[in-house]
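# Overview (structure and organization)
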Amino acid sequence: QYSPDSVAGADGELDPTEVTFPGCSCRSSSCAAAECPCLSRGHDSPRLGLPEQHEQPFSRPVFECNSLCCCGEGCQNRLVQRGLQLRLQVFRTQRKGWGVRALEPVPRGSFVCEYAGEVLGFAEAQRRIQAQSPQEPNYIIAVREHLHDGRVMETFVDPTRIGNVGRFLNHSCEPNLFMVPVRVDSMVPKLALFAAADISAGEELSYDYSGRFHNSPGASREHKPLEEENSLRKPCYCGSRTCASFLPWDSSLFSTP
């Protein structure tokens, strides 16, 4: 079932459509960083997540203006919520199954698409992962945001049955997209993918499933897998010079309590 936005999962733990943030009272049609509480909470654009602008060990969170805000629909701080604006194509790759390519040039820093699906709690995400056979594709993504005080916020999205074009994006060890959690109405983030470089028309789009790309080392839950775990790992066919040979591995979702 195609859905441009994430939906509440079958476990009913989280509802990404619930409006929990207060709106700004900005009277102009487009908010300014100095006055707008949405902008002052974090970055004014996910483009600031590009690596050369990382002067701090942690990036600030991204909040867009929401449905309770007084600013207009044309506000500069409404980008990801507008959804897909580019022409993309799902196509059959040689070795990686389905993939996605751009049908038009995509400038560096542009919002490309969201990774949308069912938003799950940890227990349901783990249950679904463990119910999969090694031959089945895994679409469940675990995104962990490391807070400055040591806490970790986790978001699990599963587009296996309900999702958008993002579910067809392949992994690459040298990707041309990077993921930024962007919050609009609630603390459940939209998993937004941005162009990490200028992308040509016809070029396949990819991101690093592990989160290593554009993040500080250690942000991933990957580890050297035990011998018996190797049977669960899937080979990587990205073909990049730095290919790790296997797709990223998140041990926490496979381990039993």
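Since this is a predicted model, take the numbers as computed values, not measurements.

## Remarks on the sheet that holds strand S8 (residues 152-158)
- With mixed pairing, the four strands of this open sheet are ordered in space as S1-S6-S8-S7. Both outer strands of the open sheet, strand S1 (7-8) and strand S7 (141-146), are each paired with one neighbouring strand and no more.
- Sheet topology places S7 next to S8; six bridges connect them, and they run antiparallel. Bridge assignment links Val143 to a residue of S8, and that residue is Thr155.
- Together, strand S6 (118-120) and S8 form the strand contacts of helix H2 (residues 122-131), whose direction differs from that of S6 by roughly 110°.

## A word on the pattern of salt bridges
- The final tally for this structure, using the stated rule, is eleven salt bridges.
- Residues Lys96 and Glu204 are paired through a salt bridge, measuring 2.9 Å at the closest nitrogen-oxygen approach. Here the residue Lys96 occupies a position in the loop between strand S3 (88-92) and strand S4 (98-102), and Glu204 occupies one in strand S12 (residues 204-207), the gap between them amounting to 108 residues.
- Between Arg128 and Glu124 there is a salt bridge, with its nearest N and O atoms 2.8 Å apart. You can see Arg128 and its partner Glu124 sitting in helix H2, four residues apart, about one turn around the helix.

## Notes on the environment of Cys113
- Here Cys113 is to be found in strand S5 (residues 111-114).
- By relative accessible area, Cys113 is classed as buried at 2%.
- Between the C-alpha atoms of Cys113 and Ala192, which are 79 residues apart in sequence, the distance is 6.1 Å.
- Setting aside anything within four residues of it in sequence, one finds Cys113 in contact with Leu84, Leu88, Val165, Gly166, Leu169, Leu191, Ala192 and Leu193.

Quick notes on the rules
- Residues numbered from 1 in each chain as written.
- Predicted model: local features only at pLDDT ≥ 70, side-chain atom pairs only at ≥ 80, totals over all residues.
- Heavy atoms only, no water.
- Pairing = 2+ DSSP bridges.
- Helix = DSSP H or I, 4+ residues; strand = E, 2+ residues; numbered from the N terminus.
- Contact = heavy atoms within 4.5 Å.
- Axes fitted to C-alpha atoms, helices over the stretch in contact; angles between N-to-C directions.
- Salt bridge = Lys/Arg side-chain N within 4 Å of Asp/Glu carboxyl O.
- Buried < 20%, exposed > 50% of the residue type's maximum accessible area, 1.4 Å probe, protein only.

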